[in-house]
Amino acid sequence: MALLVLCAPAFANKAAEDFYSAVERHLRSLPSLEIGYRATGPDFPKEGLEGRLAFQRPNGFYHDTPEWTLCESGAEQWRYLKEQQTLMLETAEGRSDWSPEAVLLSLNRELVPFNLIATESGDTMLVLDAVSAQISGQVEMTFAANKRIPKEISFKDDEGNSTSRYEILMWHESVKLDSALFLPPEVPDENRIDFRIH
């Protein structure tokens, strides 16, 4: 019995690693992906906030929310602040390590599989631990039974408190994305700020 107790975490980790690896391989095989989500948590409005993510291999990234749009294409990045109608041009430095898009695009960089849990509803929950010096806490990705597409991504701090939750409302794989999606909007010259190093 003691041996079973000692081995249980190892079995859980192996199952989590295998599941994690399958999810990662699937995501990396996609030429493009479009996601719609609803975010809830302390930093979001009470009714939640809906956004849209789009990825185009090898280096196109688009994230739209009601307040702003962020886009990366190669080494260039632009951010559009909607209310101010301001466009900021920057050199791309990579996305935050603690965001849904980072979880989906960079699974093996800052997160390691910790546990795989079968929930009472029949879903599968993959628990990931943050291993970066810059971030901490856990990510929980919930999948429908026998699926490799997440239906929810939740972030927790070191104390186990939920910091944000992203419910996946739309998931379209290998879609044809309009190239215009990655082009910055036209704004008056006075509303255009260029932070790029020339």
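About the criteria used
- Residues numbered from 1 in each chain as written.
- Predicted model: local features only at pLDDT ≥ 70, side-chain atom pairs only at ≥ 80, totals over all residues.
- Heavy atoms only, no water.
- Helix = DSSP H or I, 4+ residues; strand = E, 2+ residues; numbered from the N terminus.
- Buried < 20%, exposed > 50% of the residue type's maximum accessible area, 1.4 Å probe, protein only.
- Contact = heavy atoms within 4.5 Å.
- Pairing = 2+ DSSP bridges.
- Axes fitted to C-alpha atoms, helices over the stretch in contact; angles between N-to-C directions.
- Phe/Tyr/Trp six-rings, centres within 6.5 Å; stacked < 30°, edge-to-face > 60°.
- Salt bridge = Lys/Arg side-chain N within 4 Å of Asp/Glu carboxyl O.

### With respect to the overall build of the protein
Tallying secondary structure elements over the protein gives 3 helices and 12 strands in all. For the protein, buried positions account for 39% of its 198 residues. Intrachain contacts of the protein at a sequence separation of at least 6 include 45% that bridge at least 24 residues.

### A look at the sheet that holds strand β12 (residues 192-194)
Pairing in this open sheet of 12 strands is mixed, and the strands run β7-β8-β9-β10-β11-β1-β2-β3-β4-β5-β6-β12 from one edge to the other. Each of the sheet's edge strands pairs with one partner strand only, and the pair in question is β7 (111-118) and β12. Strand-to-strand twist across the sheet, computed as the mean angle between neighbouring axes with direction ignored, equals 15°.

### Looking at the packing of aromatic side chains
Two descriptors summarise a pair of aromatic rings, namely the distance from one centre to the other and the angle between the planes of the rings. Within the structure shown, the criterion is met by 5 aromatic pairs. For the pair Phe155 and Tyr166, a centre-to-centre distance of 5.8 Å together with 80° between the ring planes defines the contact as edge-to-face. One end of the pair, Phe155, is in strand β10 (residues 150-156); the other, Tyr166, is in strand β11 (residues 162-173), and 11 residues separate them in sequence. Overall, Phe155 belongs to the buried group, its relative accessible area being 1%. Assessed through its relative accessible area of 12%, Tyr166 is described here as buried. Aromatic rings pair up to connect Tyr37, Phe44, Phe155 and Tyr166 into one cluster.

### Quick word on the environment of Gly51
Inspection of the secondary structure puts Gly51 in strand β2 (residues 49-56). C-alpha of Gly51 to C-alpha of Thr65: the two residues are 14 residues apart in sequence and 4.6 Å apart in space.

### Regarding the pairing of β10
With respect to burial, β10 is a largely interior element, 5 of its 7 residues being buried. Of the strand pairs in this sheet, strand β9 (residues 138-143) and β10 are connected by 6 bridges, and their pairing is antiparallel. Bridge assignment links Phe143 to a residue of β10, and that residue is Pro150. Count of turn residues in the β9/β10 antiparallel hairpin: 6 residues, of which Asn146 carries a positive phi of about 65°. Where β10 meets β11, 5 bridges bridge the pair, whose relative direction is antiparallel. Within the sheet, the bridge partner assigned to Lys156 lies in β11 and is Ser162. Count of turn residues in the β10/β11 antiparallel hairpin: 5 residues, of which Gly160 carries a positive phi of about 90°.

### Some thoughts on unusual backbone geometry
Across the chain, the bulk of peptide bonds are trans and the bulk of non-glycine residues have phi less than zero. Of the consecutive residues Arg57 and Pro58, the connecting peptide bond is found in the cis state with omega at 5°. Relative to the elements of secondary structure, Pro58 occurs in the loop between β2 and β3 (60-64). At Asn146, a position not held by glycine, the phi torsion is positive, near 65°. Looking at where Asn146 falls in the secondary structure, it is placed in the loop between β9 and β10. Accessibility expressed as a relative area gives 78% for Asn146, which makes it exposed. Residue Ser174 is not a glycine yet carries a positive backbone phi of 50°.

### What about the pattern of salt bridges?
A complete count under the given rule lists 11 salt bridges for this structure. Where Glu167 meets Arg38, a salt bridge forms, and the shortest distance between an N and an O atom there is 3.1 Å. Of this pair, Glu167 sits in strand β11 while Arg38 sits in strand β1 (residues 32-40), and the two are 129 residues apart along the sequence. Judged by relative accessible area, which is 26%, Glu167 ranks as partly exposed. Where Glu152 meets Arg165, a salt bridge forms, and the shortest distance between an N and an O atom there is 2.9 Å.

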